[in-house]
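Structural overview for review
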Amino acid sequence: MLKICKLVRLDNLYMPNKRTLLIFFMVISALGFSQSRFNLPRGNYTKVKFQLIDNLIVFPVEVNGVKLSFLLDTGVSKPILFNIINTDSLKINHVESIYLRGLGDGGYIEALKSKQNALKIGDAININQDIYVIFDETINFTPRLGVPIHGIIGYDVFKDFIVEINYASKYLKLYKPEDYKYKKCRKCQTLDLSLVNNKPYINAMAEVNSKHIPVKLLIDSGGSDALWLFEDDSLGLAPIKDEFFEDFLGKGLSGSVYGKRSVVNSFSLNNYHLKNVNVAYPDSASVSFARKHKERNGSIAGELLRRFNIIVDYTNAKVTLKKNRNFKAPFSYNKSGIILEQNGIRVVKEIDDKAVFDYGKSSENQNRIRVVESYKFALKPAFTIVELRKNSPAERAGLMIGDILLSVNGKEAHHYQMQEINGMFRDHDGKTIRLKVDRNGIVMTFEFKLESLL
């Protein structure tokens, strides 16, 4: 993840709204709030809307009075801040150096542990929150998702509330556990949770090579794939021979994660059954730290979780699932072989909407009006190819790492959100993709068809 090259004193950063923050502390202290957990000053719950980007939940969190964007990740124990170099007004309190370890093929990363921070999610407030801050600029999820991401939070939200995640309507509800009453729901399924190192696990059943295998999985809302399984020949957890391909799986705090993509015949959560579910088997080096929990067999993540509306109840150690309109959606993956990053900006020449009129006389001495086309230059995001799967349709077509997308299927690339382009790469077999790219200042055009390897 991030490595600190220079130790920065953060407790003296400029804070433009110190007086507002002081009043904020005085008010919530007067209300008698506990200083070690989230509290709700009014009402029994708070509702927060989120964006679903590449199956990941992105939602607003205020840190010491500054509005930031966080990922909701059930797989993290403490909030982590990164990508805050340009957030000049953010104040971080009482710091000490520590080391963190996450998914990826790298090692530990240096960070700062900060105490006594004020966090606000909707109406929920915590005035004594520990945060881990990473300053290494290479640890930044914004380029891969195409939207600003400043941090990750998980356990500290789930331990203090019963959390409703409505993937269909894209909102969170945080309920006070002592006031929450479960509604009767005949279409719901409730599963037991087990918490290990502040992370939630459930039991499921995976059918691999016609063999039904019980698995214990981390609920990982911070992962974008459907299902990860750790290879274990003794259990039969391994891709079927010749029915997998090597691929980039994602980016963790400790670096990139690679592995094999395949399909399980079926996957069951209690009485919910899904057929032909995409699965990834991560390289053992990338998940060596995660495998220290010996009973864990993998993770259930966003591409599968989004098919349900979910109520997570750490207090009573259970999770309730209700399938939503996404339940029968086909499982998808990137068939192009291209991984993009929103990497910097490029200058784009555009027609100015404001018309310029040229008044004059024609050769016949008659008055004429001519509309003169004018242009302006604008700064737009640059989408760059940063990973390219070997022998993929894109690589065979001649595309290369470092190519900058100019247009996709005839439409200029900057008119798309990055997740829209990624969605096109997950489309049906045989779909034609035409890309115009800038390669070291030379404009080149390529065409290929999407093809499934599963």
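Residues numbered from 1 in each chain as written. Predicted model: local features only at pLDDT ≥ 70, side-chain atom pairs only at ≥ 80, totals over all residues. Heavy atoms only, no water.

**Thoughts on the environment of Ser-407**
Operational definition: In DSSP terms, a helix is any run of H or I states spanning at least four residues, a strand is any run of E spanning at least two, and both are numbered starting from the N terminus. Two residues form a contact once any of their heavy atoms are found within 4.5 Å.
With respect to the element layout, Ser-407 can be found in strand E27 (residues 404-408). For Ser-407 and Val-437, which are 30 residues apart along the polypeptide, the C-alpha to C-alpha distance reads 7.0 Å. Once residues lying within four places of it in the same chain are set aside, the contact partners of Ser-407 are Glu-412, Ala-413, Arg-434, Leu-435 and Lys-436.

**Structural notes on the sheet that holds strand E11 (residues 171-175)**
The test is simple: Pairing between strands is defined by DSSP: at least two bridges between the two strands are required. Axes, fitted as lines to C-alpha atoms, cover a helix only where it is in contact. Angles between the N-to-C directions of the axes lie from 0 to 180 degrees.
The strand order across the open sheet formed by six strands is E1-E11-E10-E21-E22-E12, and the pairing between neighbours is antiparallel. Two strands in the sheet have a free side with no partner beyond their single neighbour: strand E1 (45-49) and strand E12 (189-192). Strand-to-strand twist across the sheet, computed as the mean angle between neighbouring axes with direction ignored, equals 15°. Relative to strand E21 (residues 308-313), strand E10 (residues 162-166) is paired through four bridges, and the arrangement is antiparallel. Paired with Glu-164 across the strands is Ile-311, a residue of E21.

**Observations regarding the packing of aromatic side chains**
As a reminder of what qualifies: Working definition: rings of Phe, Tyr and Trp (its six-membered ring) pair if their centres are within 6.5 Å, and the pair is stacked with planes under 30 degrees apart, edge-to-face with planes over 60 apart, and tilted otherwise. Accessible area is worked out with a 1.4 Å probe on protein chains only. A residue is then buried under 20% of its type maximum, exposed over 50%, and partly exposed in between.
In the structure shown here, the tally under the stated rule is twelve aromatic pairs. Here Tyr-272 and Phe-308 contribute two aromatic rings whose centre-to-centre distance is 5.2 Å and whose plane-to-plane angle is 55°, an arrangement assigned as tilted. A residue pair is termed long-range when its members are at least 10 positions apart, and Tyr-272 in strand E19 (residues 272-282) and Phe-308 in strand E21 qualify at 36 residues. Assessed through its relative accessible area of 8%, Tyr-272 is described here as buried. Centre to centre, the rings of Phe-308 and Phe-327 are 5.6 Å apart; their planes meet at 75°, and the pair counts as edge-to-face. With Phe-308 in strand E21 and Phe-327 in the loop between strand E22 (318-323) and strand E23 (338-351), the pair connects residues that are 19 residues apart, well separated along the chain. Residue Phe-308 is classed as buried on the basis of its relative accessible area of 1%.

**As for the nonpolar core**
Going by this rule: By convention a nonpolar core is built from buried Ala, Val, Leu, Ile, Met, Phe, Trp, Tyr and Cys residues, the set being connected through side-chain atoms within 4.5 Å.
Phe-59, Ile-165, Leu-229, Phe-267, Leu-269 and Leu-304 are the most contacted members of the largest nonpolar core, which totals 65 residues. A per-element tally of this core places E19 first, with five residues. Ignoring anything within four residues of it in the chain, the contact list for Leu-269 reads Leu-191, Ile-202, Asn-203, Ala-204, Ile-300, Leu-304, Phe-308 and Leu-321. Counting 21 residues, the second largest nonpolar core, distinct from the first, contains Ile-385, Leu-399, Tyr-416 and Val-437.

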